[in-house]
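Remarks on the overall topology
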Amino acid sequence: GAVVSQHPSRVICKSGTSVKIECRSLDFQATTMFWYRQFPKQSLMLMATSNEGSKATYEQGVEKDKFLINHASLTLSTLTVTSAHPEDSSFYICSAPRLGSAGEQYFGPGTRLTVT
Amino acid sequence: AQSVTQPDIHITVSEGASLELRCNYSYGATPYLFWYVQSPGQGLQLLLKYFSGDTLVQGIKGFEAEFKRSQSSFNLRKPSVHWSDAAEYFCAVEKSKGGGADGLTFGKGTHLIIQP
């Protein structure tokens with residue numbers, strides 16, 4: 001079946017540096033992908049919608065200059081956390097809609113970001 | 001704006017016993033509703049979904065859920081739980097019900113513990 005992958009699965013970076021997280025749809029094309037953030041033992045919160053060929057749409061309260069999203073191709077979306085700080089430490093999850101099944105999405109396994 | 005409430009943060013059930021996880025939603029129209037399960041180290045897996053039609057929906061792993069419009073609820077049930085069902089369960093609603101894919105709004109999740 002369709003699979004969404006994320007790379008890396010874990011990353012530790014120093015405060016002030018930038019980190020890029022990749023989200024790939026492995027056997028299907030995704031013109032839209034979604035990025036979520038999950039704090040420990042909490043829910044997933046939608047951060048932004050990644051659109052192939054156009055700008056991402058960010059949810060209210062999400063800093064677009066801090067969380068840069070690029071949908072480079074029909075199978076790849078990247079989230080770059082710029083000038084990361086410890087409060088950016090979180091679990092980041094991407095998803096891609098399943099074609100022909102309204103509302104249903106495939107989720108990646110997530111990326112654990114730790115900023116020291 | 002839509003919202004999802006899962007009133008139970010933790011639920012402990014004995015193996016073989018029945019299970020019901022509660023979910024209430026707030027939405028202006030009939031929503032697209034989902035139940036996902038999250039196990040450590042794995043991506044969210046869709047258990048079942050409701051779009052329209054029969055209000056009792058069957059899912060994978062023996063789960064079912066019933067949509068009750070009058071109560072704005074979409075509770076998840078299983079007649080007999082197995083130790084492998086221990087996980088985090090999320091109820092979700094599609095962010096907006098349009099023609100294309102949209103992000104999901106999640107409840108805070110219910111952590112299911114199975115007692116031997």
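Residues numbered from 1 in each chain as written. Chains lettered and ligands numbered in written order. Predicted model: local features only at pLDDT ≥ 70, side-chain atom pairs only at ≥ 80, totals over all residues. Heavy atoms only, no water.

**So, the environment of Ser84 of chain B**
Residues and elements named next belong to chain B. Tracing the backbone shows Ser84 in the loop between strand E9 (73-78) and strand E10 (87-94). A relative accessible area of 42% places Ser84 in the partly exposed class. The sequence separation of Ser84 and Ile114 amounts to 30 residues, and the corresponding C-alpha distance is 8.3 Å. Polar contacts involving the side chain of Ser84 include one to the side chain of His82, which spans 2.7 Å. (Helix = DSSP H or I, 4+ residues; strand = E, 2+ residues; numbered from the N terminus. Buried < 20%, exposed > 50% of the residue type's maximum accessible area, 1.4 Å probe, protein only. Polar contact = N/O pair within 3.5 Å; in protein donor to acceptor, adjacent residues only side chain to side chain.)

**With respect to the pattern of salt bridges**
Taken as a whole and judged by the stated rule, the model has eight salt bridges over all chains. A salt bridge links Glu22 of chain A to Arg24 of chain A, with the shortest nitrogen-to-oxygen separation between them at 3.6 Å. Here Arg24 of chain A falls in the partly exposed class, since its relative accessible area comes to 34%. As a salt-bridge pair, Glu104 of chain A and Lys49 of chain B come within 2.6 Å of each other at their nearest N and O atoms. Of the two residues, Glu104 of chain A sits in the loop between strand E9 (90-97) and strand E10 (105-107) while Lys49 of chain B sits in strand E6 (residues 45-50), which places them in two different chains. On the basis of relative accessible area, Lys49 of chain B is assigned to the partly exposed category, the value being 29%. (Salt bridge = Lys/Arg side-chain N within 4 Å of Asp/Glu carboxyl O.)

**What about the interface of chain B and chain A?**
At the interface, 20 residues of chain B touch 19 residues of chain A. The junction of chain B with chain A conceals about 1,500 Å² of combined surface from both sides, 58% of it contributed by carbon and sulfur atoms. Where chain B touches chain A, the interface holds one salt bridge. Run the count over chain B and chain A and you get five residue pairs in polar contact (both at pLDDT 80 or more). Listed by contribution, the elements that provide at least two residues to the side of chain B that touches chain A are strand E5 (33-38), E6, E10 and strand E11 (104-106) of chain B. Tallied by class, the residues present in the side of chain B that touches chain A amount to 10 nonpolar, five polar and five charged. (Contact = heavy atoms within 4.5 Å. Buried area = accessible area lost by both parts, 1.4 Å probe. Nonpolar A, V, L, I, M, F, W, Y, C, P; charged D, E, K, R; others polar.)

**So, the state of the cysteines**
Considering all chains together, one arrives at two disulfides over all chains under this definition. The disulfide bridge from Cys23 of chain A ends at Cys94 of chain A, spanning 2.0 Å between sulfur atoms. Handedness here is read from the sign of the S-S torsion; for Cys23 of chain A and Cys94 of chain A, about 85°, the answer is right-handed. Placement of Cys23 of chain A in strand E3 (residues 19-25) and of Cys94 of chain A in strand E9 is noted, with a sequence separation of 71 residues between them. The residues Cys23 of chain A and Cys94 of chain A share a single accessibility class, namely buried. The disulfide partner of Cys23 of chain B is Cys91 of chain B, and the S-S distance across this bridge is 1.9 Å. Its S-S torsion of about -65° marks the bond between Cys23 of chain B and Cys91 of chain B as left-handed, since a negative value means left-handed. Note that Cys23 of chain B is positioned in the loop between strand E3 (19-21) and strand E4 (24-26) and Cys91 of chain B in strand E10, a separation of 68 residues in sequence. When sorted by exposure, Cys23 of chain B lands in the same class as Cys91 of chain B, which is buried. Its sulfur unpaired, Cys13 of chain A is 18 Å from the next cysteine sulfur, which belongs to Cys94 of chain A. (Disulfide = S-S within 2.5 Å.)

**Some words on the sheet that holds strand E1 (residues 4-7) of chain A**
Residue and element names in this part refer to chain A. A sheet is described by the order of its strands in space; here four strands give the open sequence E1-E3-E8-E7, paired in antiparallel fashion. Two strands close off the open sheet at either side, each with one partner strand: E1 and strand E7 (67-73). With direction set aside, neighbouring strand axes in the sheet form an average angle of 20°. Sheet analysis places E7 next to strand E8 (residues 76-81), joined by five bridges and oriented antiparallel. Directly across from Leu68, in E8, lies its bridge partner Thr80. (Pairing = 2+ DSSP bridges. Axes fitted to C-alpha atoms, helices over the stretch in contact; angles between N-to-C directions.)

**Section: the environment of Val81 of chain B**
By the element assignment, Val81 of chain B lies in the loop between E9 and E10. The spatial distance from the C-alpha of Val81 of chain B to the C-alpha of Gly59 of chain B is 14 Å, given a sequence separation of 22 residues.

**Notes on the confidence of the model for chain B**
Mean pLDDT over chain B works out to 91, with 95% of the residues at or above the 70 mark. For chain B, the element scoring lowest by mean pLDDT is E11 of chain B, at 92; E3 of chain B scores highest, at 98. (pLDDT = per-residue confidence, 0-100.)

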